[in-house]
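Coordinates in review
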Amino acid sequence: MNLLSPPTGQLEIEVVFDLVCPWCFLGIRRLRRALGRRPDIRAELRWRPFLLNPDIGHGGVQRQDYLLRKFGGEERARRLQATIVELGRAEGIAFRFDQLRRVPPSVDAHRLVRFAAAHGTAEIMVDLLFEAHFTEGADLGDHLVLTRLAVVAGLEREAVWRFLASGLEAEAVHAENLRAHRLGINGVPCFVMSSQHSTAGGHAIAGAQEPEVLERLMDVALSEAAEF
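The sections below set out a description of the structure shown in this document. Just so it is clear, the model here is predicted, and its values are computed rather than measured. (Residues numbered from 1 in each chain as written. Predicted model: local features only at pLDDT ≥ 70, side-chain atom pairs only at ≥ 80, totals over all residues. Heavy atoms only, no water.)

The subject of this paragraph is the pairing of strand β5 (residues 190-195). Burial within β5 is extensive, with 6 of its 6 residues counted as buried. Alternating positions in β5 separate into two faces, Cys 190, Val 192 and Ser 194 on one and Phe 191, Met 193 and Ser 195 on the other, with burial throughout. As paired elements, β5 and strand β6 (residues 203-206) share 4 bridges and run antiparallel to each other. Its bridge partner lying in β6, Cys 190 is registered against Ala 206. (Buried < 20%, exposed > 50% of the residue type's maximum accessible area, 1.4 Å probe, protein only. Helix = DSSP H or I, 4+ residues; strand = E, 2+ residues; numbered from the N terminus. Pairing = 2+ DSSP bridges.)

And the structure:
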């Protein structure tokens with residue numbers, strides 16, 4: 001393949017994710033690796049919020065209590081986390097579950113991604129939020145933390161602070177979460193790929209899939225464009 005040739009295929013990829021989901025962090029890293037292996041594809045990523053814990057209120061919940069309810073025991077949770085740590089290492093992610101004290105509500109973090117998208121910095125915002133939460137134990141429900149990360153992403157501090165305080169986009173986040181469930185998406189990450197020229201709709205795949213699997217789905221979506 002001529003790496004200097006322009007991309008020959010264009011895809012729209014809807015990334016349905018939650019910022020407090022380690023599998024989403026892992027899956028998005030693998031998606032980026034898959035795209036990096038395919039210079040023949042130009043992809044536009046659209047970030048679609050999903051709420052794994054829609055009932056968690058302001059302030060979050062103690063992580064140990066959350067793990068007990070979700071996994072039924074600390075030992076099972078430890079085994080799962082050890083698996084994620086090992087998989088993350090291969091993707092350059094240094095998961096530090098020991099740094100997490102609380103599970104925060106993720107609505108405000110998703111709102112911030114939408115704000116960043118309006119300013120052309122959604123992808124870097126998503127990366128910063130995942131990194132801060134899972135490698136530093138940052139509380140994504142804390143407006144001070146979110147504002148600090150937004151500034152790192154190049155956004156204006158006062159504008160971000162006013163936006164977070166306003167509650168704007170909260171209804172949109174909840175609407176997107178409802179939309180995902182109505183489409184039959186009950187777990188994340190989920191990637192929905194479609195060609196810009198296809199009328200057949202998108203092709204969805206759930207889970208933190210290996211890059212090779214994601215590449216095959218890209219080719220399926222692109223083949224429909226060729227048929228068009």
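One finds Leu 31, Met 125 and Leu 129 to be the most contacted residues of the largest nonpolar core, which totals 59 residues. When residues in this core are grouped by element, the largest group, 8 residues, is from helix α5 (residues 122-136). Counting 7 residues, the second-largest nonpolar core is a separate cluster that includes Ile 56, Leu 67, Ala 77 and Val 103. (Core = buried A, V, L, I, M, F, W, Y, C linked by side-chain atoms within 4.5 Å.)

A separate point is the packing of aromatic side chains. In the structure shown here, the tally under the stated rule is 10 aromatic pairs. Where Phe 25 meets Phe 130, the ring centres are 4.9 Å apart and the plane angle is 5°; that geometry is what we call stacked. Placement of Phe 25 in helix α1 (residues 22-36) and of Phe 130 in helix α5 is noted, with a sequence separation of 105 residues between them. With respect to burial, Phe 25 and Phe 130 carry one shared label: buried. Between Phe 130 and Phe 134, the ring centres sit 6.4 Å apart and the planes meet at 25°, which makes this aromatic pair stacked. In this pair, Phe 130 and Phe 134 are both assigned in helix α5, 4 residues apart and thus about one turn of the helix distant. The pair formed by Phe 130 and Phe 134 is uniform in burial state, with each residue classed as buried. Each member of the aromatic cluster is reached from another via a ring pair, and the members are Phe 17, Phe 25, Trp 47, Phe 95, Phe 97, Phe 130 and Phe 134. A cation over an aromatic ring shows up here: Lys 70 above the ring of Phe 71, its NZ or CZ 5.9 Å from the ring centre. (Phe/Tyr/Trp six-rings, centres within 6.5 Å; stacked < 30°, edge-to-face > 60°. Lys NZ or Arg CZ within 6 Å of the ring centre and 35° of its normal.)

Purely spatial values, then, with no claim about function.
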